[in-house]
Amino acid sequence: MDVIKPAPGFEDILPLEYQELVADGPYGRSLGVKDLGTFKELIEDHPLCAGCNLTLSFRLLLASLPKPEDTLIVTTAGCFGVIHPQIALHASIAPFGTQNAFASGLTRAMRIRFPEKQKDVITIGGDGSFADIGMAPTTHSWFRGEKFASFMLDNECYANTGGQASGMTPEGVVLNMAPKGKSFDKIPFVEIAKLAGCAYVATASPTKPRQVESMVRRAILVAREVGPTFVRLACVCATNYKLTPIEAHRKSKELVSQTDEYMTEAAREYLESLEGAA
Amino acid sequence: MGDTVTAGSPPRAPDPRYRVVAGPEGYLSPAAAAMGIELPDEGYSLVEGESISDSLAPDIIAERLLEARNPTLFPGPLVLWGWSDASIRKARALQELVAEVPGMKMIPMPDYRPKYPKIDPAIEINPNHPNLTIWHNEIDVCVFAGVHCHFANIALKIIRSGTDCYTIALCGERGHEDAMVTMRDAGDVKVASITAAVRRLKAGGHDA
Ligand SMILES: Cc1ncc(C[n+]2csc(CCOP(=O)(O)OP(=O)(O)O)c2C)c(N)n1
Ligand code: SF4
């Protein structure tokens, strides 16, 4: 497969990172979470907090992409925004909260530009950028039936800006900038996604990597043919919740004690046709 | 009315004094286009904003490269990766040019990711902070090739703003008015004409 190939004579001047991506990257290979550690990943190091569950979710998400070489990522402001420039994929950063508006246009443009090719546009944002400031662009992309997958890294607060309560922070939680505790409970955003027309909605935890992989893939596959999809990755913020990495990991596990997966009949039939054929 | 611009006024006349020359020009250089510099017509190149015949540009570029202390090619994504036969041919022509200019180096621009602070300016260049690579390697003359238009223009402007590096852009499309010298439609054939000019100048005893 000739996806990423340097022009002859330029191989040796490529920085090592690129040489490794060319020789051993995931492009055009059917790799997944079980192969982590055996190939050059799309992201190797990061400047985020040690033990951050959001970063682990991000890493698993990238390792689960069904066709990384044809994937376009749209992110926005948030902790993960610092990783974004270092992903070895097409990745654009939209103004805060507008990632799903941006991706709507990008998806349509890709279908016009590459009618013969499946390009997977995905959005990645925080709970703030999906459920608060970005709620209108997000839900309206779903009302319109825009076919792309959205991934919320739900760390249950605005972490990047120092610890404000977000709509997804549970009631009563005290944060640096919510000293009296959050005054209302978590927004039922997963339910909103179903009502707004998502064909596939799931909640996963980075503590269950194979589950993350399955949900990420299903979300992307369903978005190709059936309709918008949404996955919430529960990854409570270690730093702002003042948890050790182990405690944060345990908490993320508790948050998704039961697999939470919903799909429309059309999505189920489509997935069965693919999974049956595989 | 003085200088007041009203709706329907003719566009401002180009500033006849503006020249696209090596900097440092200041924190934010104006875009050359905003100063009235226009892209060259077919068959023409630009030298410091002035249109000249394509036949004259290779000698000017060759002279600049041979006089440089540390000439460097920045191959961008359009030539660094083997997209097409044309990009592979241009890549080969650029490698031949580099081989012909004594001491010329290549530092790649593999993509446009704003990788600060992770970038290693010793071995790669990035359009969002090209000055870091130029300062780090003390590059006095550089050649851009295979960089998409808007990233080339941003990078060339930043270089003019913050460094004294002389910029040459060998563009496969319409040229780059923000470079000190630019050739348009520059595929392998035009690059080879620069290599030939370098050979001629060297044979003529140029002090390389
Ligand atoms: C329109 C706009 N409003 C506010 C901000 C400031 N801002 C940047 S990130 C952020 C919070 C991000 O929270 P979340 O989406 O939950 O991501 P996290 O940092 O927790 O990963 C805010 C308010 C901004 N960049 N743009
Ligand atoms: S502040 Fe929280 S979510 Fe952000 S990088 Fe640190 S641990 Fe991760």
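Every chain is numbered on its own, with residues counted from 1 as its sequence reads. Working convention: letters from A go to chains and numbers from 1 go to ligands, in the order in which they are written. Per-residue local features are limited, in this predicted model, to residues with pLDDT of at least 70; the limit for side-chain atom pairs, both in listing and counting, is 80 or more; totals at the level of whole chains, interfaces and linings are taken over all residues. Hydrogens are left out, water is left out, and the side-chain values use all remaining heavy atoms of the structure.

S.K.: Whenever I open this one, the overall build of chain B confuses me. Can you help?
M.R.: Within chain B, the secondary structure is distributed over six helices and seven strands. From first element to last, N terminus to C terminus, chain B shows the α and β order β-β-α-β-α-α-β-α-β-α-β-β-α. Dimensions along the principal axes, computed over C-alpha positions, put chain B at roughly 60 × 40 × 35 Å. Burial statistics for chain B: of 208 residues in total, 51% are counted as buried. Between two residues, a contact is recorded if the distance between any of their heavy atoms is within 4.5 Å. A separation threshold of at least 6 residues defines the contact pool for chain B, and within that pool the share at least 24 residues apart is 66%. Total accessible area on chain B is roughly 9700 Å²; 56% of this is exposed by carbon and sulfur atoms. For this count, His and the chain ends are skipped, Lys and Arg are scored as positive, and Asp and Glu as negative. Note on charges: their place is set at NZ of Lys, CZ of Arg, CG of Asp or CD of Glu. When the 20 basic and 27 acidic side-chain charges of chain B are each reduced to a single mean position, those positions are 3 Å apart. The way it works is that DSSP assigns letters per residue, a run of H or I at least four long becomes a helix, a run of E at least two long becomes a strand, and they are numbered from the N terminus. Whether a residue is buried, partly exposed or exposed follows from its accessible area with a 1.4 Å probe, protein chains only, as a fraction of its type maximum: under 20%, in between, or over 50%, in that order. For accessible areas, the Shrake-Rupley method is used with a probe of radius 1.4 Å. Any residue's cover is judged against the shown protein chains and nothing else.

S.K.: Help me out: how do you make sense of the packing of helix H4 (residues 130-137) of chain B against helix H5 (residues 149-162) of chain B in this one?
M.R.: How two helices sit against one another is set out by the angle between their axes and by the gap between those axes. Residues and elements named next belong to chain B. Here an angle of 0 to 180 degrees is reported between the N-to-C directions of two axes, which are lines fitted to C-alpha atoms, with helices fitted over the stretch in contact. Remark: H4 packs on H5, axes separated minimally by 8 Å, with the N-to-C direction vectors making an angle of 50°. With respect to H5, the axis of H4 lies oblique. Helix-helix and strand crossings are classified by hand; for H4 and H5 the assignment is right-handed. Taken together, the residues of H5 that come into contact with H4 (itself represented by Pro130, Asn131, Ile134 and Trp135) are Ala155, Ile158, Ile159 and Gly162. Side-chain classes are defined by residue name, with Ala, Val, Leu, Ile, Met, Phe, Trp, Tyr, Cys and Pro counting as nonpolar, Asp, Glu, Lys and Arg as charged, and the others, Gly among them, as polar. Grouping the constituent residues of the contact of H4 with H5 by class yields six nonpolar, two polar and no charged. Throughout this description, any angle smaller than 35 degrees is read as roughly parallel, any larger than 145 degrees as roughly antiparallel, any in the 65 to 115 degree range as roughly perpendicular, and the remainder as oblique. Left-handed describes a crossing whose near helix is turned anticlockwise from the far helix through less than a right angle; right-handed describes the clockwise counterpart.

S.K.: Help me out: how do you make sense of the interface of chain A and chain B in this one?
M.R.: Put simply, an interface is often sized by how much accessible area is lost when its parts join up. Taken together, the contact pairs 18 residues of chain A with 19 residues of chain B. Buried area is understood as the total, over both parts, of accessible area removed when two parts are fitted together, assessed with a 1.4 Å probe. For the chain A and chain B pair, buried surface summed over both sides reaches about 1800 Å², with 63% attributable to carbon and sulfur atoms. In terms of surface lost to chain B, no three residues of chain A exceed Phe10(A), Ile13(A) and Tyr18(A), which account for 34% of the buried area on that side. We define a salt bridge as a side-chain nitrogen of Lys or Arg found within 4 Å of a carboxyl oxygen belonging to Asp or Glu. For the pair chain A and chain B, the number of links is one salt bridge. Partitioned by chemical class, the residues of the side of chain A that touches chain B number 13 nonpolar, two polar and three charged.

S.K.: For this particular structure, what's the right way to read the nonpolar core?
M.R.: Nonpolar side chains in soluble globular proteins generally cluster together in the buried interior. Joining through side-chain atoms within 4.5 Å is the link that ties buried Ala, Val, Leu, Ile, Met, Phe, Trp, Tyr and Cys residues into a set, and such a set is a nonpolar core. If you look at the biggest cluster of nonpolar residues, it comprises 45 residues, and the most contacted ones within it are Ile61(B), Leu65(B), Ile168(B) and Leu170(B). When residues of this core are traced back to their parent elements, those giving at least two are strand E1 (44-47), helix H1 (57-67), helix H2 (77-80), helix H3 (85-100), strand E5 (141-145), strand E6 (166-170), strand E7 (181-183) and helix H6 (188-203) of chain B. If you tally residues by element for this core, the top one is H3(B), at six residues. Not counting the four nearest positions on each side in its chain, Ile61(B) is found in contact with Ile168(B), Leu170(B), Val181(B), Met183(B) and Ile194(B). Leu61(A), Ala63(A), Tyr200(A) and Val231(A) belong to the second largest nonpolar core, which has 43 residues in total.

S.K.: Even after reading the chapter, I still don't get the pairing of strand E3 (residues 120-126) of chain A, so can you show me in this structure?
M.R.: Residues and elements named next belong to chain A. Among the seven residues in E3, seven count as buried, and that is most of the element. The side-chain alternation of E3 yields two buried faces, one formed by Asp120, Ile122, Ile124 and Gly126 and the other by Val121, Thr123 and Gly125. Any two strands with at least two DSSP bridges between them are considered paired. Inspection of the sheet shows strand E1 (residues 71-75) paired to E3 by four bridges, in the parallel sense. Bridge pairing in E3 places Leu72 opposite Val121. Pairing between E3 and strand E4 (residues 149-154): five bridges, direction parallel.

S.K.: I'm lost on helix H2 (residues 53-64) of chain A in this one. Help?
M.R.: Within an α-helix, residues lying three or four positions from one another point in the same direction, as the helix has 3.6 residues per turn. Residue and element names in this part refer to chain A. Multiply 1.5 Å by the residue count of a helix minus one, and that product is the helix's expected span. Here H2 spans 16 Å end to end across twelve residues, near enough to the 16 Å set by a 1.5 Å rise per residue. With ten of its twelve residues buried, H2 lies for the most part within the structure. Every buried residue belonging to H2 is among Asn53, Leu54, Thr55, Ser57, Phe58, Leu60, Leu61, Leu62, Ala63 and Ser64, and all of these are buried. Turning to H2, the residues buried within the fold contact E1, E3, E4, helix H7 (209-225), strand E6 (229-234) and helix H8 (245-255).

S.K.: Sorry, what's going on with the sheet that holds strand E3 (residues 71-75) of chain B here?
M.R.: Sheet strands associate in pairs through backbone hydrogen bonding, adopting either a parallel or an antiparallel arrangement. Residue and element names in this part refer to chain B. Taken together, the seven strands give an open sheet; going across it, the order is E2-E1-E7-E6-E5-E3-E4, and neighbouring strands pair in mixed fashion. Looking at which strands have only one partner, the edges of the open sheet turn out to be strand E2 (50-53) and strand E4 (105-106). Both E3 and E4 contribute to a ladder of two bridges, which runs parallel. Residue Thr72 lies in a different strand from E4, and its bridge partner there is Lys105. Packing of H1 onto the sheet brings it into contact with E1, E2, E3, E5, E6 and E7, and relative to E6 it is tilted by some 140°.

S.K.: Hey, could you run me through the site of ligand 1 in this one?
M.R.: Residue and element names in this part refer to chain A. Distances are taken per atom, and a residue is near a molecule or strand as soon as one of its heavy atoms is within 4 Å of it. Lining the immediate environment of ligand 1, one finds 17 residues, of which Gly128, Asn155, Cys157, Ala159 and Asn160 sit closest. In this structure, Cys79 approaches ligand 1 through a main-chain N or O atom, which is 3.1 Å from an oxygen atom. One nitrogen or oxygen atom from the side chain of Asp127 is found 3.1 Å from an oxygen atom belonging to ligand 1. Contact with the protein chains covers 73% of the free accessible surface of ligand 1, which is 580 Å². Residue contributions to the shell around ligand 1 peak at three residues, all from helix H4 (residues 127-132). In the shell around ligand 1, the residues fall into nine nonpolar, seven polar and one charged. Counting of polar contacts relies on pairs of N or O atoms within 3.5 Å, with two restrictions inside protein: one atom must be capable of donating a hydrogen and the other of accepting it, and residues adjacent in sequence are counted only when both atoms are side-chain atoms.

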